[in-house]
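# Examination of the molecular architecture
Each chain, written out:
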Amino acid sequence: VQLQASGGGLVQAGASLRLSCAASGRTFNNCIAGWFRQTPGKEREFVAAISRIGGTTRYADSVKGRFTISRDNAKNTVYLQMNSLKPEDTAVYYCAADTLQSVVPRTGAALYDYWGQGTEVTVSS
């Protein structure tokens, strides 16, 4: 699976952004998809994940109620709609694919098999 993330940018606090992750290669529809983020000096942290057909989602507590993950399997694309952005959301965001056929999406970064290149999100106060 090859993943290409896009949609990052510089926005003010309270604004919205939508990240996209386009997949190619091995059937992406069979993978759980996740978004993670990382800031300098910190470990990559889980943001959100979605099951293969989109029926189950998981979110980090810090983004619950503000971010929404979705996927369009016909387009091999997963999205992260980010609303009410805060300066603490500033990070490089990565999309990832987990090939394990688990019912509930997993949250550990080490468990994901494929990664996109990252897209930078900066939220100014």
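Scroll up for the structure.
Nothing here was measured: the structure is a model prediction, and the numbers come from that model. (Residues numbered from 1 in each chain as written. Predicted model: local features only at pLDDT ≥ 70, side-chain atom pairs only at ≥ 80, totals over all residues. Heavy atoms only, no water.)

## Some thoughts on the pairing of strand β5 (residues 45-50)
Of all 6 residues in β5, 5 are buried, a share of seventy percent or more. Across 5 bridges, strand β4 (residues 32-38) lies against β5 in antiparallel orientation. Its bridge partner being in β5, W35 is matched across the sheet by A48. A loop of 6 residues connects β4 with β5, the two strands running antiparallel in sequence, and G41 in this loop sits at a positive phi of about 80°. Two elements, β5 and strand β6 (residues 57-59), share 3 bridges in a ladder whose sense is antiparallel. Residue pairing across strands places A48 opposite Y59, the latter belonging to β6. Taken together, β5 and the strand that follows it, β6, pair antiparallel across an intervening segment of 6 residues, in which G54 is found at a positive phi of about 85°. (Buried < 20%, exposed > 50% of the residue type's maximum accessible area, 1.4 Å probe, protein only. Helix = DSSP H or I, 4+ residues; strand = E, 2+ residues; numbered from the N terminus. Pairing = 2+ DSSP bridges.)

## Considerations on the sheet that holds strand β7 (residues 67-72)
An order of β1-β3-β8-β7 is seen for the 4 strands of this open sheet, with the pairing classed as antiparallel. The sheet terminates laterally at β1 (2-6) and β7, the two strands that pair on one side only. When strand polarity is set aside, the average angle formed by the axes of neighbouring strands in this sheet is 15°. (Axes fitted to C-alpha atoms, helices over the stretch in contact; angles between N-to-C directions.)

## Here we look at the environment of Q12
With respect to the secondary-structure elements, Q12 resides in strand β2 (residues 9-12). Residues Q12 and V103 lie 91 residues apart in sequence; the distance between their C-alpha atoms is 37 Å. When sequence neighbours within four positions are dropped, the list of residues in contact with Q12 reads V123 and S124. (Contact = heavy atoms within 4.5 Å.)

## Topic: the state of the cysteines
A complete count under the given rule lists 1 disulfide for this structure. In this model C21 forms its disulfide with C95; the gap between the sulfur atoms is 2.1 Å. For the disulfide bridge between C21 and C95, the dihedral angle about the S-S bond is near 65°, and by the sign convention the bridge is right-handed. With C21 in strand β3 (residues 17-24) and C95 in strand β9 (residues 91-98), the pair connects residues that are 74 residues apart, well separated along the chain. Each member of the pair, C21 together with C95, is buried. With no disulfide of its own, C31 lies closest to C21 among cysteine sulfurs, the gap being 11 Å. Looking at C31, the relative accessible area reads 1%, which means it is buried. (Disulfide = S-S within 2.5 Å.)

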